[in-house]
Amino acid sequence: AYASNSNDTLTLNAPTGFYLVVSGSVSLETKYDSLYIYDGENTSATKLFGGSSATNGSTYAINTTSSGKSLTFRFKSDGSTNYSGLNLKVSVEPITYGIIVADAAYGRVESDKVKAAKDSIVNLSWVYTTGYLIKDIDVRDASNNKIAVNGGWYLGAKANFKMPGSSVTVTPTF
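Residues numbered from 1 in each chain as written. Predicted model: local features only at pLDDT ≥ 70, side-chain atom pairs only at ≥ 80, totals over all residues. Heavy atoms only, no water.

Novice: Where do I start with the sheet that holds strand 16 (residues 168-173) in this structure?
Specialist: In any sheet, the strands associate via hydrogen bonds between backbone groups, in a parallel or an antiparallel arrangement. Spatial ordering of the open sheet is given by 10-8-16-12-13, a layout of 5 strands whose pairing is mixed. Of all the strands in the sheet, the pair left with one neighbour each is strand 10 (115-117) and strand 13 (146-147). (Pairing = 2+ DSSP bridges. Helix = DSSP H or I, 4+ residues; strand = E, 2+ residues; numbered from the N terminus.)

And the structure:
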């Protein structure tokens, strides 16, 4: 149970490159006790979740995600009846970026991931039509900057690159 006469605000911040995920349940006194979750550093941010139980002590689920690195929680209770309260888990998750592999004539490149966090290693492999070898694997970030690729046909049809902090496009040439 939670304390009577609570009037608390808590802001959680994820490290750079991460966001927050809240899951769990809430059981509060209807109309008098409440929890609000805001998508940002204060209660002026967009409200993601808010209210009290539909009926006294009823439990309802919470699943919400920050759009940035911060979530602010606002909890209030009156001086009377208290229920089981908050059973919440906050997870810190890495921001991931998309990996697009372009189609190519005479072969196909596959990535071991469809999304990856910044600085993670993305592994590529390929198959090709008889008579063709991989000529180039061009990886570009969202700003069209070239990303270094390690490996090639001489390493058993495998290569990799370090994921930048944006989505990438992989363009193979056979």
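The rest of the description comes next.
Novice: Help me out: how do you make sense of the pattern of salt bridges in this one?
Specialist: Pairing between side chains becomes possible if they bear opposite charge and their charged atoms approach one another. What the rule picks out here adds up to 4 salt bridges. Across the pair K113 and D112 runs a salt bridge, and its minimum N-O distance is 3.1 Å. For K113, a relative accessible area of 27% translates into the label partly exposed. Of the charged contacts, one joins R140 and D138 as a salt bridge, the two residues approaching to 3.0 Å between their closest N and O atoms. A residue is classified by how much of its surface remains accessible, and R140, at 27% relative accessible area, is partly exposed. (Salt bridge = Lys/Arg side-chain N within 4 Å of Asp/Glu carboxyl O. Buried < 20%, exposed > 50% of the residue type's maximum accessible area, 1.4 Å probe, protein only.)

Novice: Looking at this structure, I do not really get the packing of aromatic side chains. What am I missing?
Specialist: Given two aromatic rings, one states the distance between the centres and the angle between the planes to describe the pair. According to the stated counting rule, one finds 5 aromatic pairs in the structure shown. A centroid spacing of 6.4 Å and a plane angle of 25° characterise the contact between Y36 and Y38, whose relative ring orientation is stacked. Measuring from centroid to centroid gives 6.5 Å for Y128 and F174, while their planes differ by 40°, and the two rings are tilted. Taken together, the residues Y128 in strand 11 (residues 121-128) and F174 in the segment after strand 16 connect sequence positions 46 residues apart. (Phe/Tyr/Trp six-rings, centres within 6.5 Å; stacked < 30°, edge-to-face > 60°.)

Novice: Would you take a moment to explain the environment of V22 for this structure?
Specialist: Positionally, V22 belongs in strand 2 (residues 18-27). Looking at V22, the relative accessible area reads 0%, which means it is buried. If sequence neighbours within four positions are ignored, V22 has contacts with I37, I62, N63, T64, L71, F73, L88, K89 and V90. (Contact = heavy atoms within 4.5 Å.)

Novice: Can you help me understand unusual backbone geometry in this one?
Specialist: Positive phi, normally seen in glycine, also occurs at N5, with a value near 55°. Among the structural elements, N5 can be located in the segment before strand 1 (7-13).

Novice: Can you walk me through the nonpolar core in this structure?
Specialist: One recurring pattern in soluble globular proteins is that nonpolar side chains are buried together. Of all hydrophobic cores here, the largest spans 17 residues; its most connected members are W126, I137, F161 and V170. Breaking this core down by element, the ones donating at least two residues are strand 11, strand 12 (136-141), strand 15 (158-162) and strand 16. Ranked by residue count, the leading element in this core is strand 11, at 3 residues. If we ignore the near neighbours within four places in the chain, the residues touching V170 are I99, I100, V101, A102, V109, L124, I137, D138, V139 and F161. (Core = buried A, V, L, I, M, F, W, Y, C linked by side-chain atoms within 4.5 Å.)

Novice: Looking at this model, I keep getting lost on the sheet that holds strand 5 (residues 59-65). Mind explaining?
Specialist: Here we have 3 strands laid out as an open sheet, ordered 5-2-7, and antiparallel in their pairing. In the strand order of this sheet, the two ends are held by strand 5 and strand 7 (85-94), each with one partner. When strand polarity is set aside, the average angle formed by the axes of neighbouring strands in this sheet is 10°. Examined bridge by bridge, strand 2 and strand 7 share 10 bridges and lie antiparallel to one another. Looking at strand 7, one finds that V26 is bridged to L86. (Axes fitted to C-alpha atoms, helices over the stretch in contact; angles between N-to-C directions.)

Novice: Explain the side chain of T30 here, please?
Specialist: By secondary structure assignment, the location of T30 is in the loop between strand 2 and strand 3 (34-38). Not counting the four nearest positions on each side in its chain, T30 is found in contact with S52, S53, A54, T55 and N56.

Novice: What's the story with the environment of L48 in this structure? I'm lost.
Specialist: Topologically, L48 is positioned in strand 4 (residues 47-51). By relative accessible area, L48 is classed as partly exposed at 32%. C-alpha separation for the pair L48 and V109, spaced 61 residues apart in sequence, amounts to 40 Å. The contacts of L48, once residues within four sequence positions are left out, are I37, Y38, D39, T64, T65 and L71.

Novice: For this particular structure, what's the right way to read the environment of K76?
Specialist: Residue position: K76 is located in strand 6 (residues 70-76). Sequence separation between K76 and N7 is 69 residues; the distance between their C-alpha atoms is 4.5 Å. Beyond its immediate stretch of four places on either side in the chain, K76 contacts S6, N7, Y32, D33 and S34.

Scope: geometric values only; no functional claims are made or implied.
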